[in-house]
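Residues per chain are reported as follows:
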Amino acid sequence: MDRNHWYEAGLDHVWLPYTQMKVAPPPLAVARTEGCRIVLADGRELIDGIASWWTACHGYNHQHIRQAVERQLSVMPHVMFGGLVHEQALTLAQRLTALLPGDLDRVFFSESGSVAVEIAMKMAQQYWINRGEPNKTKFVTFKGGYHGDTTGAMAVSDPDAGMHDVFRGLLPEHVIIDLPADAASADALELVLARHAERIAGLMIEPLVQGAGGMRFHDAATLQRLRAVADRCGALLIFDEIFTGFGRTGTMFACEQAGVIPDIIMLSKALTGGTLPLAATVARKHVFEAFWSDDPRKALMHGPTYMANALASAAANASLDLFEREPRLERVKAMSEQMARELAPCGAMPGVRDVRVRGAIGVVELERIGDLHALRARFVAEGVFIRPFGDIIYLTPAFTIESEEVARLTGAIVKVVGEGIARGP
Ligand SMILES: Cc1ncc(COP(=O)(O)O)c(C=O)c1O
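Residues numbered from 1 in each chain as written. Predicted model: local features only at pLDDT ≥ 70, side-chain atom pairs only at ≥ 80, totals over all residues. Heavy atoms only, no water.

1. Here we look at the overall build of the protein chain
Stated precisely, the cut-off is as follows: Each helix is a run of DSSP H or I of at least 4 residues and each strand a run of E of at least 2, with the numbering of both proceeding from the N terminus. The globule rule used for comparison is 2.2 Å times the number of residues to the exponent 0.38, while the radius of gyration itself is calculated over C-alpha atoms. The buried label applies to any residue whose accessible area, calculated with a 1.4 Å probe on protein chains only, is under 20% of its type's maximum; exposed applies above 50%, and partly exposed to all values in between. Here, residues are in contact when the closest pair of their heavy atoms is within 4.5 Å. Residue-level accessible areas treat just the shown protein chains as cover; the underlying method is Shrake-Rupley with a 1.4 Å probe. We score Asp and Glu as negative and Lys and Arg as positive, and we do not count His or the chain ends. Where a charge lies is defined by one atom per residue type, namely NZ (Lys), CZ (Arg), CG (Asp) and CD (Glu).
Each helix and strand in the protein chain was counted, giving 14 helices and 16 strands. Against the compact-globule benchmark of 22 Å for 425 residues, the protein chain has a radius of gyration of 22 Å, which places it among compact chains. Dimensions of the protein chain along its principal axes, counting C-alpha atoms only, are 60 × 55 × 45 Å. A burial count over the protein chain gives 53% of its 425 residues as buried. Contacts in the protein chain between residues far apart in sequence, at least 24 positions, make up 70% of those at least 6 positions apart. Looking at the protein chain as shown, the accessible area adds up to about 18900 Å², and 55% of this sits on carbon and sulfur atoms. Counting 42 positive and 50 negative side-chain charges, the protein chain places the centres of these two groups 1 Å from one another.

Here's what the structure looks like:
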């Protein structure tokens, strides 16, 4: 059988994400991964600038995580979490709540970011139902936000910045407004809340960096403003740290930089170091207490089949070991400085709107990207895996990446942006 038989035989039977398959170039066939490298089936090796949608924070195939998963596999790959619990999930819950600030104290596990968002929304809505305020069902969220692809998560994401334009009109309606980043937008938020306070269950935001909506940054003061507004109007504050969690913005969690404790926080992506799917929706004590009752109807009615999967929980515990033992956040700081220095020349190039870096996130925003497919292929030709979207070229590498590898990534961006290919004809 030919080496790539699986590719030829299978490609016509998969449906690829976010892809118009009729016109998109065929996907790259990957044979294996190692560290910060993706090895293609044809033998080419790419330096990975994305860490598989921001998950593989310790690089691929980290020995410590692999061994933990292998050990767990021989004991128990999975057991249902209804009526049963196990060491890996309980240890993980305890460790996560110890790492998170304040009394974020109760972990509800699921298997993907979008589902963690759905759970947070149900939690917030039922919190108010249980407290006798059933009209508080709506969410205030922000332009540029992205919270996932399931129906509830789409409904709180920006329909324009995101990918969900086609579903407009089919989704539950919430209030999606400008981030309160200045006095005028803060006033607008106050106004909305004054008008609708009795219907608002919560405010939801990706703290410090709105990721898939365009890698947009805001400051800590914006989050502090949201905390104050949420308290004033009696709404829960919900932080989606699915992208920002686990060191990506320079601290373990982005909320730490603002000194703000949300009422609910969602984690996923780098939770297992990019090994297995797992997510967590973590609630503060007072949120959990609204469900604590003799009345069965006040229980949270949710329970994904694979929640708290033992293999994924073991991977997450091993990933937390690595954060404890190895200087990840120091590395993020050094990488941040390097990316800022090395991407800076792009700022003076024609067609570049902005160059920005926060933590281990480096962004070159263009006026427009002419041919996304050609641009992506150009990066592959340079030996790097960088996947621009919208108008941005970005880097979110593993924290274990060598500085020479970062230099290869930034060098490729400077070169390709300088060629003008990004702008297209
Ligand atoms: C901030 C944020 N929330 C939610 C999600 C959805 O996560 P998943 O793709 O695991 O459903 C994403 C995914 O990119 C995300 O970046």
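Now that the structure is up, let's keep going.
2. Some points on the domain arrangement of the protein chain
As a reminder, the rule being used: Domain ranges listed in this record stem from an automatic or a database domain assignment. Joining two parts hides part of their accessible area as seen by a 1.4 Å probe, and the buried area is that hidden amount summed over both. Salt bridges are defined as contacts in which a side-chain nitrogen from Lys or Arg sits within 4 Å of a carboxyl oxygen from Asp or Glu. Basically, the charged four are Asp, Glu, Lys and Arg, the nonpolar ten are Ala, Val, Leu, Ile, Met, Phe, Trp, Tyr, Cys and Pro, and anything else, Gly included, counts as polar.
Under the domain assignment used here, the protein chain contains domain 1 (3–61 + 327–419) and domain 2 (64–325). The C-alpha-based centres of domain 1 and domain 2 are spaced at 27 Å. Taken together, the contact pairs 27 residues of domain 1 with 31 residues of domain 2. Here domain 1 meets domain 2 over a buried area of about 2400 Å², counting both sides, of which 66% is carbon and sulfur. Per-residue buried area on domain 1 facing domain 2 is highest for Trp-54, His-58 and Arg-358; these three make up 31% of the total on that side. Counting the contacts that link domain 1 with domain 2 gives zero salt bridges. For the side of domain 1 that touches domain 2, the class distribution of residues is 18 nonpolar, six polar and three charged.

3. A short note on helix 12 (residues 328–343)
The α-helix advances 3.6 residues per turn, and as a result positions three or four apart in sequence lie on the same side. Definition in use: The length a helix should cover is 1.5 Å for every residue beyond the first.
For helix 12, spanning 16 residues, the distance from its first C-alpha to its last is 22 Å, which sits close to the expected 22 Å at 1.5 Å a residue. Taken together, the buried positions of helix 12 are Arg-328, Val-332, Met-335, Ser-336, Gln-338, Met-339 and Leu-343. Elements that come into contact with the buried residues of helix 12 comprise helix 11 (310–325), strand 13 (352–358), strand 14 (361–366), strand 16 (392–395) and helix 14 (403–419).

4. Structural notes on the environment of Ile-205
Mapped onto the elements of the fold, Ile-205 is located in strand 7 (residues 200–205). Here the alpha-carbon distance between Ile-205 and Pro-101, two residues 104 residues apart in the chain, equals 17 Å. Each residue touching Ile-205, except ones within four places of it in the same chain, is listed here: Phe-142, His-147, Leu-179, His-218, Leu-223, Leu-226, Ile-238, Phe-239 and Asp-240.

5. Structural notes on the sheet that holds strand 7
Consider a sheet: its strands pair through backbone hydrogen bonds, and that pairing is either parallel or antiparallel. Our working definition: Two strands form a pair only when DSSP identifies at least two bridges running between them. In this analysis, axes come from line fits to C-alpha atoms, helices being fitted only over the stretch in contact, and the angle between any two N-to-C directions falls in the range 0 to 180 degrees.
Strands sit in the order 4-12-11-10-7-5-6 across an open sheet of seven strands; the sheet is mixed. The open sheet has two free edges, formed respectively by strand 4 (104–110) and strand 6 (175–177), since each of these has just one partner strand. Strand after strand, the sheet turns through a mean of 20° between neighbouring axes, direction not considered. Here four bridges tie strand 7 to strand 10 (residues 236–240), and the two strands are oriented parallel to one another. The partner of Leu-203 across the bridge, within strand 10, is Leu-237. Packing of helix 4 (residues 87–99) onto the sheet brings it into contact with strand 4, strand 11 (264–267) and strand 12 (279–284), and relative to strand 4 it is tilted by some 135°.

6. Brief notes about the packing of helix 12 against helix 14
Note the following rule: For this classification, under 35 degrees means roughly parallel, over 145 means roughly antiparallel, 65 to 115 means roughly perpendicular, and everything else is oblique. Two helices crossing with the near one rotated counterclockwise from the far one by less than a right angle form a left-handed crossing, whereas a clockwise rotation gives a right-handed crossing.
Their axes nearest at 10 Å, the elements helix 12 and helix 14 cross at an angle of 30°. Considered as vectors, helix 12 and helix 14 are oriented roughly parallel to each other. Here helix 12 and helix 14 pass one another in a crossing that is right-handed. Seen from helix 12, the contacting residues are Arg-331, Met-335, Gln-338, Met-339, Glu-342 and Leu-343; seen from helix 14, they are Ser-403, Val-406, Ala-407, Thr-410, Ile-413 and Val-414. Partitioned by chemical class, the residues of the contact of helix 12 with helix 14 number seven nonpolar, three polar and two charged.

7. With respect to helix 4
Taking 1.5 Å of rise per residue, the 13 residues of helix 4 would be expected to cover 18 Å, and the 18 Å separating its terminal C-alpha atoms lies within 8% of that figure. When we look at burial in helix 4, the residues that qualify are Gln-88, Ala-89, Leu-92, Ala-93, Arg-95, Leu-96 and Thr-97. Its buried side turned inward, helix 4 meets helix 3 (63–75), strand 4, strand 11, strand 12 and helix 11.

8. Regarding the packing of aromatic side chains
The criterion, for reference: Side-chain rings of Phe, Tyr and Trp (the six-membered ring for Trp) are treated as a pair once their centres are within 6.5 Å; stacked means planes under 30 degrees apart, edge-to-face means over 60, and tilted covers the remaining angles. Two thresholds decide whether a charge sits over a ring: the Lys NZ or Arg CZ must be within 6 Å of the ring centre and within 35 degrees of the ring normal.
Under the counting rule described, the total for this entry stands at 10 aromatic pairs. An angle of 40° between the planes, with centres 6.3 Å apart, marks the rings of Phe-246 and Phe-323 as tilted. You can see Phe-246 sitting in the loop between strand 10 and helix 9 (255–258) and its partner Phe-323 sitting in helix 11, a full 77 residues away along the chain. The buried category is assigned to Phe-323, whose relative accessible area is 11%. For the ring pair Phe-288 and Trp-292, a centre distance of 5.7 Å and an interplane angle of 50° mean the geometry is tilted. Directly above the ring of Phe-288 sits Arg-106, whose terminal nitrogen or CZ lies 3.9 Å from the centroid. Taking NZ or CZ as reference, Lys-136 lies 4.6 Å from the ring centre of Trp-128, over its face.

9. Describing the site of the ligand
The condition that has to hold: For this purpose, a residue is taken to be near a molecule or strand whenever a single non-hydrogen atom of the residue falls within 4 Å of it. Throughout this description, a polar contact denotes any pair of N or O atoms lying within 3.5 Å of each other; where both atoms belong to protein, one of them has to be capable of donating a hydrogen while the other can accept it, and for residues adjacent in sequence the pair is counted only when both atoms sit in side chains.
Every residue near the ligand is listed here: Trp-54, Ser-112, Gly-113, Ser-114, Tyr-146, His-147, Gly-148, Glu-206, Asp-240, Ile-242, Phe-243 and Lys-269. In this structure, Ser-114 approaches the ligand through a side-chain N or O atom, which is 2.6 Å from an oxygen atom. Side-chain polar atom of Lys-269 to an oxygen atom of the ligand: 2.8 Å apart, as the coordinates give it. Protein chains shield 83% of the accessible area of the ligand, which is 390 Å² for the free molecule. Of the residues contributing to the shell around the ligand, the split by class is four nonpolar, five polar and three charged.

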